[in-house]
Amino acid sequence: MNNNQNAAAAFETAPVPQTVLKNAVPAIAAMLMVLIYNLADLFFIGQTHNDLLVAAVSLATPVFLIFLAVGNVFGIGGASAISRALGGGSTERAKKTCAFCMWGCVAVGLALSAAFLLFMDPLLELVGASADTREPAQTYLQIVAFGGPFLLISNCFSNILRAEGQPNRAMAGQILGNLLNVVLDPLMILALDWGIAGAAAATVIGNVAGAGYYLLYFLWGRSSLSIRPADFSVRDGIARSVLAIGVPASLGSLLMSVSQIVVNAQMSAYGDMALAGIGVAMKVTMISSMICIGLGQGVQPLLGYCVGARLWERFRKVMRFALCFALGLSAAMTGLCYLLRGQIVSVFLSEPAAFDYAMQFTGILLSTSFLFGVFFVLCNALQAMGAATQALVTNLSRQGLIYIPALFLLQAALGMTGLVWAQPAADLLSTFLVAVLYLFASHRQFGNPSGSQKTALSPA
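Keep in mind the model is a prediction, meaning the values are calculated, not measured. Along each chain, the written sequence defines residue order, and numbers are assigned to residues from 1. Only residues with pLDDT of 70 or above have their local features reported here, since the model is predicted, and side-chain atom pairs are shown and tallied only from 80 upward, although totals for entire chains, interfaces and linings are computed over all residues. Only hydrogens and water are removed before side-chain values are computed, so all heavy atoms of the structure are retained for them.

(A) Representation of the environment of R240. For helices the rule is a DSSP run of H or I covering at least 4 residues; for strands it is a run of E covering at least 2, with both sets numbered from the N terminus onward. Note on placement: R240 falls in helix α10 (residues 238-267). Its relative accessible area of 60% is what places R240 among the exposed residues. The cut-offs for exposure are 20% and 50% of the maximum accessible area for each residue type, with area from a 1.4 Å probe on protein chains only; residues under the lower value are buried, those over the upper are exposed, and the others partly exposed.

Here is the structure:
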């Protein structure tokens, strides 16, 4: 059996819980590695016992995440388009879509790197860097900018391989890059005494390694997809099919970075220790959110295949199981993070003032994190269905249309803590919104006479 036949057999005939977990567990594991590598920089910087450097990393992180957000244009958009193409039996279209994603990452990555280096000074002003945090934040971002195309490729193809039915290979590339970053962090930050420059260098090297793994996978001919320049095409709706889903998904991640930049800029008015506290609090909440993002990403190719193959009843079964599993998982992670928040925060911060801020902010942010699993499964279901408008509205709302106005309104009403309460408010409203949009999109999809149920190879 080739990769496509293996994917069809698993996606169409295996028991729903087994199929969901088989795709979701590697994606969750990969997100755990992303989480570890996100925490590693902050952890080893924290071992320098310089909380100003922790504040500088907190300032730089959302700017760095812009690269990953742009990678989602091609990664999530490409994965949705490829899984639907494979479900519909169009291997040639899937190949051209993959090549479009590859060379799109290269071109956009180079342009984004150049923009970061050219506009570094106004960028640092925008994020609220103080006299004490400006130089280390600039050092971090300058080094990261040189790895732009590799950051995009690594983030993109961890999604593309899952669409091909290769979740383990997708996970392996992420683990390779992230593990290398974690190993290099103590060497470069502490042993070589490079400080924040070492953290940035380790991040770039890890992403180069991850991107290299995915490129070798294609060059060795182990994929039914393609990254050859000859297969690159924007015709026949290929670019549109990627961008229609990828841009909304990317806007959600991009607005997450923008909103964090706004939070940091507003929080900097309360001092560098408050800034360090909110940075660590967001990292604690990330433990729950990253795992739930992995679950949503893991289930998306399966849902996309069901849409392409018109297996509506199986689609419903997958959604029921995924939502129940997501709610239980996110609730369990929220409880665990709350119970261990003191131990987690103490790993990163040594100043009593920064520690107190982080504890207060973490308790607020965790108040609605039990909703993360449901939110991300529903978001990825919209993307799998090709519901571009609904996906756009959802991703714009949680980190933009709802969250950013809430930041200013709640800060005006509650001061510093209002900045923190804005996220739980946005979580509640956006989860309600995505549920309504999903019900609307699924009614249209399942009610379409042309979308009649295809007979699977055997019962689910």
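(B) Structural context of the environment of F408. Positionally, F408 belongs in helix α17 (residues 403-414). Sequence spacing of F408 and G198 is 210 residues, and the spatial spacing of their C-alpha atoms is 35 Å. Two residues form a contact once any of their heavy atoms are found within 4.5 Å. Those residues in contact with F408 that lie beyond four places of it in its chain are V262 and Q266.

(C) Structural context of the packing of aromatic side chains. Centres within 6.5 Å are what make two rings of Phe, Tyr or Trp a pair, Trp counting through its six-membered ring; a difference in plane orientation under 30 degrees is then read as stacked, over 60 as edge-to-face, and the rest as tilted. Per the counting criterion, the structure on display carries 11 aromatic pairs. Their ring planes at 75° and their centres at 5.3 Å tell us that Y217 and F218 sit as a pair that is edge-to-face. Exposure class is identical for Y217 and F218. Each is buried. Three or more aromatic residues joined by ring pairs make a cluster, and in this case those are F74, F100 and F232. The ring of Y338 has R341 sitting right over it, with the charged end atom 3.9 Å from the ring centre. Criterion for a charge above a ring: Lys NZ or Arg CZ within 6 Å of the ring centre, and within 35 degrees of the ring normal.

(D) Highlighting the packing of helix α4 (residues 91-118) against helix α7 (residues 148-163). Only C-alpha atoms enter the line fits that serve as axes; for helices the fit covers just the stretch in contact. Angles between N-to-C directions range over 0 to 180 degrees. Interhelical geometry of α4 versus α7 gives an angle of 150° and a closest axis separation of 7 Å. Compared by their axis directions, α4 and α7 come out roughly antiparallel. Considering the relative orientation of α4 and α7, their crossing is right-handed. Residue-level inspection shows C98, C101, M102, C105, V106, V108, G109, L110 and S113 of α4 in contact with α7, the latter providing G148, P149, L152, I153, C156, F157 and I160. Angle categories are assigned with fixed cut-offs, so that under 35 degrees is roughly parallel, over 145 is roughly antiparallel, 65 to 115 is roughly perpendicular, and the rest are oblique. When the near helix sits turned anticlockwise from the far one by under a right angle, the crossing is termed left-handed; a clockwise turn instead gives a right-handed crossing.

(E) View of the nonpolar core. As used in this record, nonpolar core signifies buried Ala, Val, Leu, Ile, Met, Phe, Trp, Tyr and Cys residues forming a set joined through side-chain atoms within 4.5 Å. The biggest cluster of nonpolar side chains holds 146 residues, and the ones touching the most others in it are Y140, F157 and L349. Those residues within four positions of F157 in sequence are excluded, and the remaining contacts are C98, M102, Y214, F218 and I227.

(F) Geometry of helix α5 (residues 120-127). When α5 is considered as a whole, its buried residues turn out to be M120, L123, L124 and V127. Projection of α5 onto a plane perpendicular to its axis shows the buried side chains occupying an angular sector of 100°, all on one side. Exposed side chains of α5 directed beyond 90 degrees from the buried face belong to E125 and L126. One or two positions beyond α5, positive phi appears at G128, with a value near 85°. Arc, as used here, means the arc of the directions from the helix axis to the C-beta atoms.

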